[in-house]
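The primary structure of each chain is shown beneath.
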Amino acid sequence: MTSRVLTGEHFINGDIACAEGAIAAGCTFFGGYPITPATEVAEHISIRLPRVGGTFIQMEDEIAAMTSVLGGAWTGAKSMTATSGPGFSLMMETIGLAVVTETPCVVVNVQRAGPSTGLPTQGAQADMMQARWGSHGDYEIIAVAPASPQEMFDLTITAFNLSEAYRTPVFIMSDEIVGHMSERVVIPEAGKIRTVSRPRPAGRKDRFRLYRPGPNGVAPMPAIGDGYKIHVTGLTHDEKGYPVMSVETQKEMIERITGKIRNNIDDIVMTESYRLSDADIAVVSYGVSARTSFTAVDEARKRGIRAGMLRLVTVWPFPEKQIRALAQKVKGIITVEINMGQISREVERCAAGRVPTIGVGHHGGAIIPPEAVIDAMEKEVMR
Amino acid sequence: MIRSADPAVAPTVHPLEDLVRMDRIPHIWCPGCGTGSVFTACLTAIKQTGIPYDQFAMVSGIGCSGRGAGYINIDSFHTTHGRAIPFATGIKMANPKLNVIVFSGDGDLFAIGGNHFIHAARRNMDITVVCVNNLTYGMTGGQVAATTPHNARSSTTVMGNPETPFNLPLLAYAAGATYIARWSMLHARDLADAIAAALRRRGFSFIEALSPCPVNYGRRNREKAIDTLRHYQEKAIIKNGAHPAELDMSDARGPILGNFLDIEKPTHDEIYKRMYRPEEG
Ligand code: SF4
C-alpha cells in the first residue's frame, strides 16, 4: 500500500487536489460517473483509492453513483462522488434521501455553464441555488466554495469533516476554472491533518434509537453489521427510524435535520475578510470569482476607492450574520459571481435595504474581469 | 407470538419471529396480496443459510414490496424509487463481507430501475435480487408496468396494454446473472429454497416471485386472488433448467417455473480486489 497522505509540494490541478484531499480525509469509497469538467477527480481517485485499501466504482449513471455513495456510507466508509451541473441535477433526489436519512457523504460539483449541456468545458457558478434547493422538501445543506487547487485539497477535508460531524451531505461547489487550473498545492504531514469521523453508538443495542440526537443535535451512527438492526427509510420517520405518517413526526424530523445545521451555524460558517476595516464599499464573492475580486479591491484602493471584501468560504448555510454586520458598516455591497444573480439575491435579502446592493454577474464560460468589478464600484461610489 | 390455549404448554414462538420487526406489525399489505408470502420465503431462506443475521443487509426500493425492508429485523434500507440495486452495490463494494439482498417489485426494479438491474448483472455484483412480480404498479393504484401482460387492463391502459412485457429471467440471463429462478408465491418451499441457494451462491442472483395483486391488478382483469392462485397451482409448468428464452409468459399456457441457471463466475468485488488490491491476498 502506498501512503494515504502525499505530504509535500505538488503542482496539480484542482480536480486532482480534490481527490487527494478526499483520500487524506479518510475517504475509502467513491462511486462516480464521468462528466466534464469533474472527470479528473474520478480518474485520479480510481488510481489512488485501491492503493490505500479503498474502492472505486464507475456506476452506470449519476443517480446510481450517488445512490452507491449512500450504500457505501452506511457500511461506515467515508464516501464521495464528483459531478458537474447536469449530473448534479440527476443526483438531487438521492441527495434528499441522504439528507433525511442523515447520511454523511461528500459531493463535488465542478460547475460548468448551463442550462442543460451548456458549455461543458467552461466554468460557471450557476448551480448555487440548485445546491441549496435542488432536492424536494425543506432542508438545510452545507456547501463550501474553493478558490484554488490548494483549497480544493483543504476544503475537501473540511467537507468530509463537516459531513461526518453533522451526518449530512456536504457539497464542494467548485467550477471548471478552479478544477482545471494547476497551481502549487502543499500537502501537510498526515499528523497535521485534522480528520473527523461520525460519532458511533455505544451501549445497549436493544435500546438504540437511530436518530436520538446527541448534545449537538447529531445522532451517533452505526454501520451495517454492527448489530443494531437498523431500519433506514426515506419516509418520514421517528427517532427509531420507523416510518410514522403524522404531522407531529414530520415536524420533529424536519426540525432535527434543519436544527442540527441552523443551531451550529457558527461552527460551520467560514468567511474571510480582506481590507474591510475602513471600507466604504464591500465586495462579496466566492470561489473563482473571489480571485478577480481580490485584484479588483487592490486596484480600486489604488484609485482611491476604499474597497474591501468578504469572501464566502461557506456558501450554505448562508453567512447571514456576516452579511448583516457588513450592511451596518459599509455604504454599498457588490456581489460578484458567474451567474445572473443567485447569491446576490441572498446578499440583498440579508442587507434588507440598509445599503444598496448590486450584482456583477456573467452568463458563464469565462471569469469576471477585475475591471467589471471596479466599474461597478465606481458607479456605486459616484452615485 | 402464538400462545397455546393450554397454560401448561410453553408459548410457541413463530419460527420467523426473530426476523420480523414485531413492533411494526400489522404490515400494510392487502388481504389476498402475495407479497407477504414472498417475504416469508425470503426470511425462511435467510434462516436456512445459517449465516448470522448481522451479516445481512436488505435493501428495497419503492412500492408495496418495497416495504419489505421495513419489516425485516436486520439492517435494512428503504431507498428511492428504482435505486435499491445501486444502493446495494455501494454496500457490497464498500464491505464485501456483507450478504446483500434486494427485495422489491417489478415496477421498481424493471422500469425505473431497469438500467441498474442490467448493469449489476453485467458486473456480476454479488447480491441477491428478489423481485415480487405482481404485473402492475400496486401502490400507486394499478398502472401499467414493464411486466403487465399484453392486452391486460390497468388504470393507464384501460382498453388493454398495447405493449409487450419483459421476460425477466431472459433479461437477467442476457445481462449476465449467474443464478436465475422463477417461482410463484404459492410454491413457498421451492421459492425459499431458491432464495437460500442464491444467498449461498457468489454472484448476481435473480429470483422472480409471481405474486397476485388482487386489489389493483386482479380487480381490473376480473381475476380474484383465488383465481390467480388456482392459475399458479393448476397451470404452472415446472421445468428446472429451462432456457430463459422460453420463459415469456403467455395467455395460452401457465407460467414456467423452476431453477433455470446456476453457474460460477468471479464476482465484481473479487475481480476488483484481485486486480486493484492484490497485496491484500
Ligand atoms: S396493492 Fe396489490 S401489491 Fe400492493 S399490497 Fe395491495 S394487493 Fe399487494
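Quick notes on the rules
- Residues numbered from 1 in each chain as written.
- Chains lettered and ligands numbered in written order.
- Predicted model: local features only at pLDDT ≥ 70, side-chain atom pairs only at ≥ 80, totals over all residues.
- Heavy atoms only, no water.
- Buried < 20%, exposed > 50% of the residue type's maximum accessible area, 1.4 Å probe, protein only.
- Helix = DSSP H or I, 4+ residues; strand = E, 2+ residues; numbered from the N terminus.
- Pairing = 2+ DSSP bridges.
- Right-handed = clockwise from strand over helix to strand, strands pointing away.
- 1 Å grid on protein atoms, 1.4 Å probe; cavity = no way out; pocket = protein on both sides within 12 Å on 5 of 7 lines; lining within 4 Å.
- Points joined across faces, edges and corners; volume = space filled by probe spheres on them.
- Nonpolar A, V, L, I, M, F, W, Y, C, P; charged D, E, K, R; others polar.

As annotated in an unreviewed UniProt entry, chain B is Thiamine pyrophosphate TPP-binding domain-containing protein from Desulfococcus multivorans DSM 2059.

Labelled according to an unreviewed UniProt entry, chain A appears under the name Pyruvate flavodoxin/ferredoxin oxidoreductase domain protein, originating from Desulfococcus multivorans DSM 2059.

### Quick word on the pairing of strand E8 (residues 169–175) of chain A
Residues and elements named next belong to chain A. For E8, the buried fraction is high: 7 of the 7 residues fall into the buried class. The alternating pattern of E8 places Pro 169, Phe 171, Met 173 and Asp 175 on one face and Val 170, Ile 172 and Ser 174 on the opposite face, and all of these are buried. Pairing of strand E5 (residues 105–113) with E8, which is carried by 7 bridges, proceeds in the parallel orientation. Its bridge partner being in E8, Val 106 is matched across the sheet by Val 170. Pairing of strand E7 (residues 142–144) with E8, which is carried by 3 bridges, proceeds in the parallel orientation. Paired with Ile 142 across the two strands is Val 170, which belongs to E8. Taken together, E7, helix H6 (residues 149–166) and E8 form a β-α-β motif whose crossover is right-handed.

### Things to note about the pairing of strand E13 (residues 307–312) of chain A
Residue and element names in this part refer to chain A. Most of E13 is tucked away, with 6 of its 6 residues classed as buried. Every second residue of E13 is oriented toward a common face, with Ala 307, Met 309 and Arg 311 on one face and Gly 308, Leu 310 and Leu 312 on the other, all of them buried. In this structure, strand E12 (residues 281–285) lies alongside E13, joined through 5 bridges in parallel fashion. Its bridge partner being in E13, Ser 285 is matched across the sheet by Arg 311.

### Considering the layout of surface pockets
Of the volumes computed, that of the largest pocket is approximately 710 Å³. Looking at the largest pocket, it is lined by 34 residues, and the ones nearest its centre are Leu135(B), Pro149(B), Tyr217(B), Met249(B) and Asp251(B). Residues of the lining of the largest pocket, tallied by class, amount to 13 nonpolar, 14 polar and 7 charged. In this model, the second largest pocket occupies a volume close to 370 Å³. Of all the elements in the fold, those that place two or more residues in the lining of the second largest pocket are helix H4 (85–101) and helix H8 (247–262) of chain A. For the lining of the second largest pocket, the leading source of residues is H4(A), giving 5 residues. In terms of residue class, the lining of the second largest pocket is built from 9 nonpolar, 12 polar and 2 charged.

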